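# Observations on the three-dimensional arrangement
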Amino acid sequence: MKMKELFDRGEFVVSAEVGPPKGIHVDELVEEAKTYLQGVHAVNVTDNQSSVMRLGSLAMCKASKRCRHESDFPAGMP
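In this report, we go over the structure that sits alongside the text. Everything numeric in this text was worked out from a predicted model, so none of it was measured. (Residues numbered from 1 in each chain as written. Predicted model: local features only at pLDDT ≥ 70, side-chain atom pairs only at ≥ 80, totals over all residues. Heavy atoms only, no water.)

### Structural notes on the environment of Lys-2
Let me state the cut-off plainly: We count a stretch as a helix when DSSP gives it H or I for four or more residues in a row; a strand needs E for two or more, and each element gets its number in order from the N terminus.
Within the secondary structure layout, Lys-2 lies in the segment before α1 (3-8). It is 8.2 Å that separates the C-alpha atoms of Lys-2 and His-41, two residues lying 39 residues apart in sequence.

Take a look at the structure:
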């Protein structure tokens with residue numbers, strides 16, 4: 001269910017922040033997310049966290065969707 005639909009129904013919405021991994025390997029992070037993101041409605045994937053080169057937020061959002069999490073792509077990005 002989309003966040004807007006939850007808000008419209010007056011539901012309490014839980015969001016969590018996830019930093020992309022250093023490098024391109026997301027499988028371990030996706031597996032961990034299945035456990036610690038249970039009950040979370042949306043995931044905010046940070047962009048260029050701590051000015052350290054990391055996997056792009058868009059790629060991490062795509063991987064997160066495999067876990068059926070709605071991802072929040074950074075607003076400043078096209």
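### Digging into the pattern of salt bridges
Any two side chains of opposite charge can pair, so long as their charged atoms come close to each other. Basically, it comes down to this: The term salt bridge refers to a side-chain nitrogen of Lys or Arg lying within 4 Å of a carboxyl oxygen of Asp or Glu. For each residue, the accessible area found with a 1.4 Å probe, counting protein chains only, is set against the maximum for its type, and the residue is called buried under 20%, exposed over 50%, and partly exposed in between.
Using the criterion set out here, one finds three salt bridges in the structure. A salt bridge links Glu-11 to Arg-9, with the nearest nitrogen and oxygen atoms 3.1 Å apart. Measuring nitrogen to oxygen at the nearest pair gives 3.0 Å for the salt bridge that ties Glu-31 to Lys-34. Within this pair, Glu-31 and its partner Lys-34 are both found in helix α2 (residues 27-36), separated by three residues, close to a single helical turn. Overall, the relative accessible area of 42% leaves Lys-34 in the partly exposed class.

### Points about the nonpolar core
To keep things clear, this is the line we draw: Joining through side-chain atoms within 4.5 Å is the link that ties buried Ala, Val, Leu, Ile, Met, Phe, Trp, Tyr and Cys residues into a set, and such a set is a nonpolar core. The contact definition used throughout considers only heavy atoms, calling two residues in contact when any of these lie within 4.5 Å.
With 14 residues, the main nonpolar core has Val-26, Leu-37 and Met-60 as its most contacted residues. Residue assignment for this core shows that the elements contributing at least two residues are β1 (15-18), α2, β2 (42-45) and α3 (57-65). In contact with Met-60, not counting residues within four places along its chain, are Pro-20, Pro-21, Val-26, Leu-29, Val-30, Val-45 and Leu-55.

### Observations regarding α3
We count it as follows: This arc corresponds to the set of directions leading from the helix axis out to the C-beta atoms.
Those residues of α3 that sit buried are Ser-57, Met-60, Cys-61, Ala-63 and Ser-64. Down the axis of α3, the sector holding all buried residues measures 160°, keeping them to one side. Residues of α3 that are exposed and point more than 90 degrees away from the buried face comprise Leu-58, Lys-62 and Lys-65.

### A word on the pairing of β1
Defined as follows: Only when DSSP finds a minimum of two bridges between them are two strands counted as paired. Call a crossover right-handed when, viewed with both strands pointing away from you, the route from the first strand across the helix to the second goes clockwise.
Alternating positions in β1 separate cleanly, Ala-16 and Val-18 being buried on one face and Ser-15 and Glu-17 remaining unburied on the opposite face. As paired elements, β1 and β2 share four bridges and run parallel to each other. What sits directly across from Ala-16, in β2, is Val-43. Running through α2, the crossover from β1 to the neighbouring parallel element β2 is right-handed.

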